[in-house]
Amino acid sequence: MDYDVADIGLAGKGDLRIEWASRRMPVLAAIRARFEKDKPLAGYRIGACMHVTSETATLMYTLVAGGAEVALCASNPLSTQDDVAAALVKAGIPTYAVRGESADDFYRHINAVLDTQPHLVFDDGADMTTVLHKERSEQAVLGGMEETTTGVIRLKAMADEDVLRYPVVAVNDSDTKHLFDNRHGTGQSSLDGILRASNILFAGKRVVVAGFGDCGWGIATRAKGMGADVIVTEIDPVRAVAATMEGHRVMTGEEAAEIGDVFITATGNIHVFRAEHFEKMKDGAIIANAGHFDVELDLIALDEMAVSRRVIRDNLEEFVLPDGRAIHVVADGRLVNLGAAEGHPADVMDMSFSDQALAAEWLIENATNLHAQVYKLPDELDNEVARLKLEAMGGSLEVMTPEQIGYLGSWEHGT
Ligand SMILES: NC(=O)c1ccc[n+]([C@@H]2O[C@H](COP(=O)([O-])OP(=O)(O)OC[C@H]3O[C@@H](n4cnc5c(N)ncnc54)[C@H](O)[C@@H]3O)[C@@H](O)[C@H]2O)c1
């Protein structure tokens, strides 16, 4: 053995963590091998604003293998793995991120990356894009990539208002991203975050999941699998019916507030649980947010209502209300899976980040034909990522016979 994890410094620990993640990202490894040969990103500078995790590091190394010059900053003040940031710096990738950084530092770091004059921008939540549009409107950018639902919503609003300045690929909207990352990644890792912070038993708890989109589906499904009684709150009737047919009760936040033990938001919306809900919650209730921004829980209202607050465990803060009830907030109401755990497992980021790498290559190849709009990654690339993932997982696909192709392509058959 070369070294022991207990004996090495921060960057060494980061290296090991990145190595561990890379082993679980076979599709990205295949893309990296091809990039190393073909250098499709040679001559391009990339500025990335993403969660600084071991999986992101693996993506950064893939982009560098493709010939790009890369600089990285955090897309959330609480999601940086400091050992990974140190390893990236040691490897020569400028990385501006410290876990727990202030809002000022967060934006200073975004500007530091933008000072490298990137041709391509990789964003997660559209904060870097917003700075480019509000404060650096003269800076030329070839195109962008967006990782998450909230970022895509912001970009589409910019395109609708005709203010978007360059084409962006909504990587989130690829099937190989949102059907797996948002569902299985957020589902498992959000519960992981709550468990690490609280060590509660999910079996027998009433878990209230706000929002039954891809992330909410994942969280609710995993919580049910762990023996929880799951309650869903929704504003969309179709999603509410879907939750009901998965066996969850659907009710208003106000009704759920009275009976829930654990509350998890995954809506992309603001103040989903607020003063009127905190008024009703049981003593000992735990609240957490899995949505992109830390606005889903109204923690300013909770702070105003509280007579005292203290950090009771790592990533778990207790707010005591005047009547003695305690409400516990996980990871300051920031993305619970990244704040209190390690984010999505590498196995699922393999597909999301393969989509990112292929999106960059596609955008460069097609830049002259693209407009300042939000694009989806072409289906062939999405399917290619799925095909490689299936192969890596040991599955194989059925191939249609000529007869079957003819049958599905004709309308003349019947009973
Ligand atoms: N934690 C993570 O690692 C992670 C990963 C992927 C996405 N996200 C973020 O999670 C959020 C949700 O993503 P998604 O892909 O599930 O989005 P989605 O649009 O598929 O689902 C959001 C759901 O919330 C519902 N909703 C909106 N306002 C509501 C309210 N006030 N009360 C109850 N329900 C409400 C919507 O009707 C919708 O069904 C986004 O902010 C996204 O960026 C986080």
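What this report covers is the structure whose coordinates are included nearby. (Residues numbered from 1 in each chain as written. Predicted model: local features only at pLDDT ≥ 70, side-chain atom pairs only at ≥ 80, totals over all residues.)

Taken N-terminus to C-terminus, the directions of helix H3 (residues 54-65) and helix H4 (residues 82-90) make an angle of 20°; their axes are 9 Å apart at the nearest point. Our classification of the angle between H3 and H4 gives roughly parallel. The chirality of how H3 crosses H4 is right-handed. In contact with Ser 54, Ala 57 and Met 60 of H3, H4 contributes Val 84, Ala 87 and Leu 88. Here the residues of the contact of H3 with H4 are counted per class, giving five nonpolar, one polar and no charged. (Axes fitted to C-alpha atoms, helices over the stretch in contact; angles between N-to-C directions. Helix = DSSP H or I, 4+ residues; strand = E, 2+ residues; numbered from the N terminus. Parallel < 35°, antiparallel > 145°, perpendicular 65-115°, else oblique. Left-handed = near helix turned anticlockwise from the far one by under 90°. Contact = placed C-beta atoms within 7 Å. Nonpolar A, V, L, I, M, F, W, Y, C, P; charged D, E, K, R; others polar.)

This paragraph deals with the packing of helix H2 (residues 26-38) against helix H15 (residues 346-366). A pair of packed helices can be characterised by two numbers: the angle between their axes and the separation between those axes. Remark: H2 packs on H15, axes separated minimally by 8 Å, with the N-to-C direction vectors making an angle of 25°. Relative to H15, the element H2 is oriented roughly parallel. Contacts from Pro 26, Val 27, Leu 28 and Ile 31 of H2 reach H15 at Asp 350, Met 351, Phe 353, Ser 354, Ala 357 and Leu 358. Of the residues in the contact of H2 with H15, the class split is eight nonpolar, one polar and one charged.

Little of strand E12 (residues 308-313) is tucked away, with zero of its six residues classed as buried. By the bridge criterion, five bridges tie E12 to strand E13 (residues 316-320) in an arrangement that is antiparallel. Among the inter-strand pairings, Arg 313 is bridged to a residue of E13, identified as Leu 316. Here E12 folds back onto E13 in antiparallel fashion, the turn holding two residues, of which Asn 315 has a positive phi close to 65°. (Buried ≥ 20, exposed ≤ 12 C-beta atoms within 10 Å, placed from the backbone. Pairing = 2+ DSSP bridges.)

What follows deals with the environment of Leu 88. Tracing the backbone through its elements, the reader meets Leu 88 in helix H4. The exposure class of Leu 88 is buried, given the 25 C-beta atoms found within 10 Å. Between the alpha carbons of Leu 88 and Ile 18 there is a distance of 9.6 Å; along the sequence they are 70 residues apart. Among all residues touching Leu 88, those that are not within four sequence positions of it are Ala 57, Met 60, Leu 72, Ile 93 and Thr 95.

With that out of the way, let us pick up the sheet that holds strand E8 (residues 229-233). With mixed pairing, eight strands are arranged side by side in an open sheet as E9-E8-E7-E10-E11-E14-E13-E12. Pairing within the sheet leaves two strands with one partner each, and these edge strands are strand E9 (249-250) and E12. Pairing geometry for strand E11 (residues 285-289) and strand E14 (residues 326-330), over three bridges, is parallel. Paired with Ala 285 across the two strands is Ile 327, which belongs to E14. This element, helix H8 (residues 175-198), spans strand E10 (262-265), E11, E12, E13 and E14 of the sheet and lies at about 135° to E11.

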